[in-house]
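# Architecture and fold: a report
Take a look at the letters that make up each chain.
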Amino acid sequence: MLNKIIAIAQEAGRILLDTSQVSVTAKDGVGNFVTDCDVRVQKLIYARLRELCPGASFIGEEDARHDAVPAGACFVVDPIDGTQNFINGYRHSCVSIGLLQDGSPKLGVVYDPYQDDLFYAQRGKGAFWNGHPLRASEKPLSQSVVLFGTSSYDRALTDLTFRLLRAIFDQALDLRSSGSAALDICYVASARCNVFFEYHLEPWDYCAAALILEEAGGRITQIGGQPLDFLQGGSVLAAGPYSYGTVLELAQNLSK
Ligand code: 2AM
Ligand code: CA
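All residue numbers refer to position in the chain's written sequence, counted from 1. Chain A is the first chain written and ligand 1 is the first ligand written, with later ones labelled in order. Local features in this predicted model are restricted to residues whose pLDDT is 70 or higher, and side-chain atom pairs enter the listing and the counts only when it is 80 or higher, whereas totals over whole chains, interfaces and linings include all residues. The basis for every side-chain value is the complete set of heavy atoms in the structure, and neither hydrogens nor water enter the calculation.

### Comments concerning the coordination of the calcium ion (ligand 2)
Which entries qualify depends on this criterion: Coordinating donors are taken to be N, O and S atoms lying within 2.8 Å of the metal, or within 3.2 Å when the metal is Na, K or Ca; because water is excluded from the atom set, some sites may appear incomplete. The buried label applies to any residue whose accessible area, calculated with a 1.4 Å probe on protein chains only, is under 20% of its type's maximum; exposed applies above 50%, and partly exposed to all values in between.
Asp78 (OD), Asp81 (OD) and Asp205 (OD) make up the full set of protein donors to the calcium ion (ligand 2), lying at 2.0 to 2.2 Å. Donor residues for the calcium ion (ligand 2), ordered by position in the chain, follow D-x2-D-x123-D. Pair check on accessibility: Asp78 and Asp81 agree, each one buried.

Here it is in structure tokens:
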């Protein structure tokens, strides 16, 4: 099953690499776009996953919302995470395929075709990058490089985002912002960076990467410490085990 899902993510990733002309449609919010390629790649992934696992449900960016996380097997798919990067030719986007079993993540595959970076995990079996085991960084916040997303499509979150960012920056080494939440979380899982946060994301942005980070020994919750929401989406705080608590406390102090 894992190898077949990896092959599907790689097939989808090749389409990102081979696509130079994209037609862009605006969605709700500032800078929220979908391309014809997102739609085409999602259709391909769904068709392949249906062949592999008939009867599975799907949660994805272009689908109608469910009332509850479906029971049984449910794929949570982002055909292109980092759509703005993709539109601009920034070459930092990925395909993300998560699998929930009765609402709990069982498998995650994130593939960046530009770097040929393949991140994957199965619950209880560890996390891997291109075949090598992953371990999240054990550095404290004072030795951390911190990734963040701005939730740019919802400007009501801007003030909160930048207040937390300032509080973190004062205690950390440096900041980065990449435009792909799924890759950001995988970068935390592989200790390329140490912390990621964003005040609003959708389940397909983080479902697969969340399991990869947990299997690499990292922590991932909402910014208030609540478990991730795989139905509605919400905020995300992802970190290594020794920086997670410090950032959680900084976020809690902001809302006092
Ligand atoms: P996308 O590229 O699939 O749109 C940027 O930090 C992150 O925010 C990306 O992972 C991006 O996913 C995500 N994002 C963009 N628009 C969003 C929206 N309307 N709701 C939630 N997440 C979004
Ligand atoms: Ca996304």
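### Brief notes about the domain arrangement of the protein
To keep things clear, this is the line we draw: Bear in mind that the domain bounds are from an automatic or database domain assignment. As a working definition, buried area equals the accessible area (1.4 Å probe) given up by two parts on being put together, with both sides summed. Note on definitions: salt bridges are taken to be side-chain nitrogens of Lys or Arg within 4 Å of carboxyl oxygens of Asp or Glu.
In terms of domains, the protein is made up of domain 1 (2–133) and domain 2 (141–254). Here the C-alpha centroids of domain 1 and domain 2 sit 20 Å apart. Roughly 2700 Å² of surface becomes buried between domain 1 and domain 2 when both sides are summed, with 65% attributable to carbon and sulfur atoms. In this assembly, domain 1 and domain 2 are joined by three salt bridges.

### Focus on the side chain of Ser93
For the record, the criterion: Numbering of helices and strands starts at the N terminus; helices are DSSP runs of H or I of at least 4 residues and strands are runs of E of at least 2. Whenever a nitrogen or oxygen atom comes within 3.5 Å of another N or O atom, the pair is scored as a polar contact, on the condition that within protein one atom can donate a hydrogen and the other can accept it, and that pairs from neighbouring residues in sequence are kept only if both atoms are in side chains.
Of note, Ser93 is situated in the loop between helix H3 (83–88) and strand E5 (94–101). At a separation of 2.8 Å, a polar atom in the side chain of Ser93 contacts the main-chain carbonyl oxygen of Gly82.

### Observations concerning the pattern of salt bridges
Using the criterion set out here, one finds seven salt bridges in the structure. Close ionic contact of Arg48 with Glu11 constitutes a salt bridge, the shortest N to O distance being 2.7 Å. A residue pair is termed long-range when its members are at least 10 positions apart, and Arg48 in helix H2 (residues 36–52) and Glu11 in helix H1 (residues 2–18) qualify at 37 residues.

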